[in-house]
Amino acid sequence: LMALPALRLQGLYLALASMAFAVMAIPLFFAQPEILGTNGRKLATPRMFGIDFDDPANFVVLAAVAFAVVGLFVVWLRRGRFGRRLLALRDSPAASATIGVNLVWTKLLVFALAAAMAGFAGGLLGTFRGTVGSTDFAMLLGIPFLLLLVVGGVGTVSGALIGGISTVLLLI
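Heads up: these notes are all about the structure in this document. Everything quoted here is computed from the prediction, not taken from an experiment.

The next subject is the environment of N58. As for its placement among the helices and strands, N58 is situated in helix α2 (residues 56-79). For N58, a relative accessible area of 27% translates into the label partly exposed. Sequence-wise, N58 and S166 are 108 residues apart; in three dimensions their C-alpha atoms are separated by 21 Å. Once residues within four sequence positions are removed from consideration, N58 is found in contact with I51, D52 and F53.

Right, dumping it as structure tokens:
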């Protein structure tokens, strides 16, 4: 939903549009009774291969495996044709369009992949907590994670790992 109006934006303006979308999504989407409502929803704990992930130690292993799989997928994407297309798009959109890169579809695909990864992570977080509500998606709740990601390194998968570990260490 956000990708289509934000296709022409970059940098600070894209960040501001994302923040505006996050503020707008809470009352228009998440607070609706059919989605989450005001009280939230209870989530069932997953159970796969006979392993109950209600135990925090088991869930940490699940989260680590999920992070590894998504991280390997991102590394695979970056080293392939799609990653080269993204690097070309970042360096010069005009040159990318000249050599035949479809800018609209590439940006839409990036938005879709980022939204899918964020949704997957949100699902894991909600499963760990056992409940999910509209207040869990407030815009300002994600800023510390974003800042620690920047400190860890935005351009690498290990930056996300360093940012996540920093979050836990700072809480301790």
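Moving on, we get to helix α7 (residues 157-171). Given a rise of 1.5 Å per residue, 15 residues ought to cover 21 Å, and the 22 Å separating the end C-alpha atoms of α7 matches this to within 8%. Considering only its buried residues, α7 is in contact with α6 (143-152).

Moving on to the pattern of salt bridges. In the structure shown here, the tally under the stated rule is one salt bridge. We note a salt bridge from D91 to R90, for which the minimum N-O separation is 3.6 Å. By relative accessible area, D91 is classed as exposed at 57%. Exposure remark for R90: the relative accessible area of 62% places this residue in the exposed category.

This part is about the nonpolar core. Membership of the largest hydrophobic core is limited to five residues, which are F53, F59, L62, A66 and L124. The element contributing the most residues to this core is α2, with three residues. When sequence neighbours within four positions are dropped, the list of residues in contact with L62 reads M48, F53 and L124.

One pass over the structure, following the stated rule, counts two aromatic pairs. With 5.2 Å between their ring centres and 35° between their planes, F59 and F128 make a pair best called tilted. Linking F59 in helix α2 with F128 in helix α5 (residues 103-129), this pair joins segments that are 69 residues apart in sequence. For F128, a relative accessible area of 49% corresponds to the partly exposed category. Considering the side-chain rings of F73 and W76, the 6.0 Å spacing of their centres and the 35° angle between planes classify their relative orientation as tilted. Taken together, the positions of F73 and W76, both in helix α2 and three residues apart, correspond to about one turn of that helix. Judged by relative accessible area, which is 35%, F73 ranks as partly exposed.

Once that is clear, we can look at the packing of α6 against α7. The geometry of α6 relative to α7 is characterised by a closest axis approach of 7 Å and an angle of 125° between their N-to-C directions. Considering their axes alone, α6 and α7 lie oblique with respect to each other. Seen along the crossing, α6 lies across α7 with a hand that is right-handed. Between α6, through F145, L148, L149 and G152, and α7, the contact on the second element is made entirely by G159, A160, I162, G163, S166, T167 and L170. Looking at the contact of α6 with α7 residue by residue, the class counts come to six nonpolar, five polar and no charged.

Taken together, the side chains of L12, Y13, L16, M19, L140, I143 and L147 make up a nonpolar region of the molecular surface, amounting to roughly 710 Å² of accessible area. Secondary structure elements with two or more residues in the nonpolar patch: α1 (11-30) and α6. The element contributing the most residues to the nonpolar patch is α1, with four residues. Position of M19 among the secondary structure elements: in helix α1.

What counts, and at which threshold
Residues numbered from 1 in each chain as written. Predicted model: local features only at pLDDT ≥ 70, side-chain atom pairs only at ≥ 80, totals over all residues. Heavy atoms only, no water. Helix = DSSP H or I, 4+ residues; strand = E, 2+ residues; numbered from the N terminus. Buried < 20%, exposed > 50% of the residue type's maximum accessible area, 1.4 Å probe, protein only. Contact = heavy atoms within 4.5 Å. Expected span 1.5 Å × (residues − 1). Salt bridge = Lys/Arg side-chain N within 4 Å of Asp/Glu carboxyl O. Core = buried A, V, L, I, M, F, W, Y, C linked by side-chain atoms within 4.5 Å. Phe/Tyr/Trp six-rings, centres within 6.5 Å; stacked < 30°, edge-to-face > 60°. Axes fitted to C-alpha atoms, helices over the stretch in contact; angles between N-to-C directions. Parallel < 35°, antiparallel > 145°, perpendicular 65-115°, else oblique. Left-handed = near helix turned anticlockwise from the far one by under 90°. Nonpolar A, V, L, I, M, F, W, Y, C, P; charged D, E, K, R; others polar. Patch = residues over 30% accessible without salt bridge, like charges linked within 9 Å, V, L, I, M, F, W, Y side chains within 5 Å. Areas by Shrake-Rupley, 256 points an atom, 1.4 Å probe, with all protein chains shown as cover.

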